[in-house]
Amino acid sequence: MAFPIRDTAIKISRPGFSLHQNGERASIGVVERWGRFERLADPGLHFFNPFAGQCLAGILSTRIKSLDVRIETKTKDNVFVQLVCSIQYRIVRENADDAFYELANPQEQIQAYVFDVVRALVPRMPLDDLFEQKGEVAKSVLEELEKVMSACGYNIEHMLMVDIIPDPSVRKAMNEINAAQRLQLASVYKGEAEKILLVKKAEAEAEAKYLGGVGVAKQRQAITDGLRENILNFSHKVTGTSAKEVMDLIMVTQYFDTIKDLGNSSKNTTVFIPHGPGHVRDIGDQIRNGMMEAAACAEGNDS
């Protein structure tokens, strides 16, 4: 009677022996004699003598297998979460007999230990810490699984914490908290930007007023120098005229120049009240009186 090592094995049966050929590299056979374990059969050509009690008890695959485990538990702050873990494991070729005889259902065994470790660790952690330390949880599960499964001929290759799924209402609350914090931070940045803008605007206005004042002062200085020069030239060239008469003449000239400029522009809305050439003398008298009173006040303060 022949026992193939794999489904597609070549088998030849003759009285007294069986010939088996296994071409799959990631498999290993378990050979028994009279119901007791005798040896492991690597891929290749094997002879079994059924009259001597030899038989192929089973075939194990040494490929890496993946097991996804979904666990529901509660965190320290009383939030129910679902954790999705992915465990990659394989049979150790040298200890395949332990894997064959020790465990009938390794998936249930792995799942049970994952449940035990996760439900012992997660209830001691708040939800935020669970998200930050999920690698530590996966490491603890991996260490516990390696300790137990290595004695059964299995090696745990990787333990991944694939996903942490809180309750939908908790996820919504977390998103709202995150959005509120970001809006608060954005408001702070916006306030700082507006503050900087106002400060820069005030500095620009102050600088503009300063430069405008300097320009006005220089303009008035130039006007004063020009008027003084005109008065002196007119007094020298026209005998018998006083400085007051020359000043009145200059003011009348400027008055007519201003009226001319106003007439040439259609968009001006300036109105002189009272209006008339005779009022120029009154304006000049008011300016001179104001200057004389200011000079008298200054002399009184000095004394």
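Residues numbered from 1 in each chain as written. Predicted model: local features only at pLDDT ≥ 70, side-chain atom pairs only at ≥ 80, totals over all residues. Heavy atoms only, no water.

**So, the nonpolar core**
Part 1 of the argument: In terms of nonpolar packing, the biggest core is built from 38 residues, with Ile87, Ile110, Val114, Leu130, Tyr154 and Ile156 touching the most fellow members.
Part 2 of the argument: Secondary structure elements with two or more residues in this core: β3 (27–33), β7 (65–74), β8 (80–91), α1 (96–102), α2 (106–121), α3 (127–132), α4 (134–149) and β9 (154–166). (Core = buried A, V, L, I, M, F, W, Y, C linked by side-chain atoms within 4.5 Å. Buried < 20%, exposed > 50% of the residue type's maximum accessible area, 1.4 Å probe, protein only. Helix = DSSP H or I, 4+ residues; strand = E, 2+ residues; numbered from the N terminus.)

**Things to note about the side chain of Glu32**
Part 1 of the argument: Residue position: Glu32 is located in strand β3.
Part 2 of the argument: Arg36 provides the closest opposite charge to the buried, salt-bridge-free Glu32, at an N-O distance of 9.6 Å.
Part 3 of the argument: Only 2.6 Å separates the side chain of Glu32 from the side chain of Tyr101, close enough to count as a polar contact.
Part 4 of the argument: Excluding anything up to four places from it in sequence, Glu32 contacts Phe37, Glu38, Gly53, Gln54, Cys55, Ala57, Phe100 and Tyr101. (Lys, Arg positive; Asp, Glu negative; His and termini not counted. Salt bridge = Lys/Arg side-chain N within 4 Å of Asp/Glu carboxyl O. Polar contact = N/O pair within 3.5 Å; in protein donor to acceptor, adjacent residues only side chain to side chain. Contact = heavy atoms within 4.5 Å.)

**Some words on α4**
Part 1 of the argument: Between its first and last C-alpha, α4 extends 22 Å over 16 residues, near the 22 Å set by a 1.5 Å rise per residue.
Part 2 of the argument: Restricting attention to buried positions, one finds in α4 the residues Val137, Ala138, Val141, Leu142, Leu145, Val148 and Met149. An end-on view of α4 places all buried positions within 135° of arc, on one side of the element. The exposed set on the far side of α4, more than 90 degrees from its buried face, consists of Glu136 and Lys147. (Expected span 1.5 Å × (residues − 1). Arc of directions from axis to C-beta.)

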